[in-house]
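Coordinates in review
What follows is each chain in one-letter form.
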Amino acid sequence: MSKHLSTPFRFDYVGSFLRPAALKEARQEFAEHAISREALKAVEDTCIRELVAKQKAAGYHVITDGEFRRATWHLDFMWGFQGIAHQKTDKGVCFHGEPALIDDTWLTGPLSAENHPFVEHFRFVQALTDENTVAKQTIPAPAQFFQQMILPDNIERTRKVYATDEALIEAIAAGYRTVIRDLYAAGCRNLQFDDCTWGVLAAGGKKGGKFAYVEGSDLKKLAEQFVTVNNLAIEGSPDDLVINTHVCRGNYHSVYFASGAYDPVADPLFTHENVNAYYLEFDDERSGGFECLKEVTPGKKVVLGLITTKRPELEDKAAIIARIHEAAKYVPLEDLCLSPQCGFASCEIGNKLTEEEQWAKLALVKEIAEEVWA
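Computed from a predicted structure; not experimentally measured.

Regarding the overall build of the protein chain
Across its full length, the protein chain carries twelve helices and 14 strands. Over its C-alpha trace the protein chain gives a radius of gyration of 19 Å, about what one expects of a compact globule, namely 21 Å for 374 residues. Each of the three principal axes of the protein chain carries a C-alpha extent, and together these read 55 × 50 × 45 Å. With 374 residues in all, the protein chain has 58% of them scored as buried. Put simply, the protein chain has 40 plus and 55 minus side-chain charges, and the middle of one group is 1 Å from the middle of the other.

Re unusual backbone geometry
The bulk of non-glycine residues show a negative phi, and the bulk of peptide bonds are trans. Residues T7 and P8 are joined by a peptide bond in cis, for which omega reads 0°. A positive phi angle, near 65°, is found at H33, a position not held by glycine. Among the structural elements, H33 can be located in the loop between α1 (21–31) and α2 (37–57). The phi dihedral of E67 is positive, around 65°, even though this residue is not glycine. Topologically, E67 is positioned in the loop between β1 (62–63) and α3 (75–79). Residue classification places E67 among the buried positions, given a relative accessible area of 3%.

Digging into the packing of helix α7 (residues 165–185) against helix α9 (residues 219–234)
Two quantities define a packed helix pair, namely the angle between the helix axes and the distance between the axes. Interhelical geometry of α7 versus α9 gives an angle of 30° and a closest axis separation of 8 Å. In this view, α7 runs roughly parallel relative to α9, as classed from their interaxial angle. Both α7 and α9 take part in a crossing whose hand is right-handed. Side by side, α7 and α9 meet where D165, I169, E170, I172, A173, Y176, R177 and I180 of the first sit next to K221, Q225, T228, V229, L232 and A233 of the second. Its residues placed into classes, the contact of α7 with α9 shows eight nonpolar, two polar and four charged.

A closer look at the nonpolar core
Ranked by internal contacts, the top residues of the largest apolar core, which has 106 residues, are L111, F270, L293 and L304. Ranked by residue count, the leading element in this core is α7, at nine residues. Ignoring anything within four residues of it in the chain, the contact list for L304 reads L280, F282, F290, L293, I324, A327, L336, C337, L338 and S339.

Some details on α7
Over its 21 residues, α7 extends 30 Å from the first C-alpha to the last, a length consistent with the 30 Å expected when each residue adds 1.5 Å. Remark: G187 follows α7 within two positions and exhibits a positive phi of approximately 110°.

Concerning the environment of K301
By secondary structure assignment, the location of K301 is in strand β13 (residues 301–307). As for K301 and Q148, which are separated by 153 residues in sequence, their C-alpha atoms are 28 Å apart. A polar side-chain atom of K301 sits 3.3 Å from the main-chain carbonyl oxygen of E334.

Regarding the packing of aromatic side chains
All chains considered together, the criterion is met by 18 aromatic pairs. When the ring of Y262 is compared with that of F282, the centres are 5.3 Å apart and the planes differ by 70°; the resulting orientation is edge-to-face. With Y262 in the loop between β11 (242–247) and α10 (266–272) and F282 in the loop between β12 (277–281) and β13, this residue pair connects regions lying 20 residues apart in the sequence. F282 carries the same exposure label as Y262, and that label is buried.

Brief notes about the sheet that holds strand β8 (residues 190–195)
Across the sheet, six strands lie side by side as β7-β8-β11-β12-β13-β14; this open sheet has parallel pairing. Looking at the sheet topology across the chains shown, the edges are occupied by β7 (137–140) and β14 (336–340). Along the sheet, successive strands turn relative to each other by an average axial angle of 25°, direction set aside. Relative to β14, β13 runs parallel, the two sharing five bridges. Across the sheet, residue V302 finds its bridge partner in β14, namely L336. Helix α5 (residues 142–150) rests against β7 and β8 of the sheet, and its axis sits at about 35° to β8.

Quick look at helix α12 (residues 355–372)
Taking 1.5 Å as the rise per residue, α12 with 18 residues should run 26 Å; its terminal C-alpha atoms sit 26 Å apart, in good agreement. Residues of α12 that are buried include every one of Q358, W359, K361, L362, L364, V365, K366, I368, A369 and V372, and no others.

Topic: the pattern of salt bridges
Taken as a whole, this structure holds 20 salt bridges when the rule is applied. For R69, the salt bridge is made with E44, and the minimal N-O distance between the two is 3.1 Å. In this pair, R69 sits in the loop between β1 and α3 while E44 sits in helix α2, placing the two residues 25 residues apart along the sequence. Exposure remark for R69: the relative accessible area of 10% places this residue in the buried category. Residue classification places E44 among the buried positions, given a relative accessible area of 7%. Where D165 meets R159, a salt bridge forms, and the shortest distance between an N and an O atom there is 2.5 Å. The class of D165 is buried, set by a relative accessible area of 14%.

Thoughts on the pairing of β7
Of the two faces of β7, both are covered, the one formed by Q137 and I139 as well as the one formed by T138 and P140. Pairing analysis gives four bridges linking β7 to β8, with the strands arranged parallel. Within β8, the residue paired with Q137 across the bridge is L191.

The rules we used
- Residues numbered from 1 in each chain as written.
- Predicted model: local features only at pLDDT ≥ 70, side-chain atom pairs only at ≥ 80, totals over all residues.
- Heavy atoms only, no water.
- Helix = DSSP H or I, 4+ residues; strand = E, 2+ residues; numbered from the N terminus.
- Rg over C-alpha atoms; globule rule 2.2 N^0.38 Å.
- Buried < 20%, exposed > 50% of the residue type's maximum accessible area, 1.4 Å probe, protein only.
- Lys, Arg positive; Asp, Glu negative; His and termini not counted.
- Charge placed at Lys NZ, Arg CZ, Asp CG, Glu CD.
- Axes fitted to C-alpha atoms, helices over the stretch in contact; angles between N-to-C directions.
- Parallel < 35°, antiparallel > 145°, perpendicular 65-115°, else oblique.
- Left-handed = near helix turned anticlockwise from the far one by under 90°.
- Contact = heavy atoms within 4.5 Å.
- Nonpolar A, V, L, I, M, F, W, Y, C, P; charged D, E, K, R; others polar.
- Core = buried A, V, L, I, M, F, W, Y, C linked by side-chain atoms within 4.5 Å.
- Expected span 1.5 Å × (residues − 1).
- Polar contact = N/O pair within 3.5 Å; in protein donor to acceptor, adjacent residues only side chain to side chain.
- Phe/Tyr/Trp six-rings, centres within 6.5 Å; stacked < 30°, edge-to-face > 60°.
- Pairing = 2+ DSSP bridges.
- Salt bridge = Lys/Arg side-chain N within 4 Å of Asp/Glu carboxyl O.

So this is what it looks like as structure tokens:
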């Protein structure tokens, strides 16, 4: 049966979960050189097995490792490429209300992606599937990789390796095609690109009054580049590999990076990006309305992220159902699904809710979806 299951499901989730205390302690001990990598992996393995058991018990048809082997949702993937360096930051990324203390990450040489560690991570989860579940692998979108390398703090070093954006885009896409090929060989049939680049474009490229890209950047050109690199990475993928994308505006310790409706980017994103489905953030007024969904290519799925992972309070069931039917004015109800708006722990620090509250959110998603699509 699992061979015929594919994402997205009527009730779904983005991918990351709150790290249990035992995992946080082990990772801290490893950072302090108190335990070996093998000892850390043993704790990770145990925690992932326990998480998958809970995902299945919650009735979900998709399983992930909760991103338990990562510090962040995106940078760890980049660190798996040759030609990338990173170190602890002294300033972090300015989110709304607090800095996200994630490693500075930059280009040091030509990119390649042979033997990427995420492939082995996927094999572990794939072995835990059963007749009712499929494993989903989440990775940052190629556009996210591209954005990281052209940020103001990185562009000078990037230009020493790739003289033009076009050369950088080709190199990133080639690396992704290598990873996608290897994930497919390991049994992956459900891949998800996580992508915050569109949220920044929707906000006009700005955050906190500071330009998020190189001064004077052409936002329309950036949108075209994001579509190009994402589609180049997908090019040639097997027909039975489902590739979806999750688009949000930042998720760190229950704070966000950018605000703005999808409308300014709806045409390139929903019309020209060659993915099967979009997981979209719609949990509060910062996300705008549903009219932008009229740009979604017919036949593509849209997963409505109407349940927030940023706050523990449960949403009003009737209000969520009403919003689903409002979205159905633009995308047929049969092409809609429901999920939380983002992961519960895009970075190790996690959002400000408990594991019990996390599972209550997922129970609500399932309950609503079963009622709406009964």
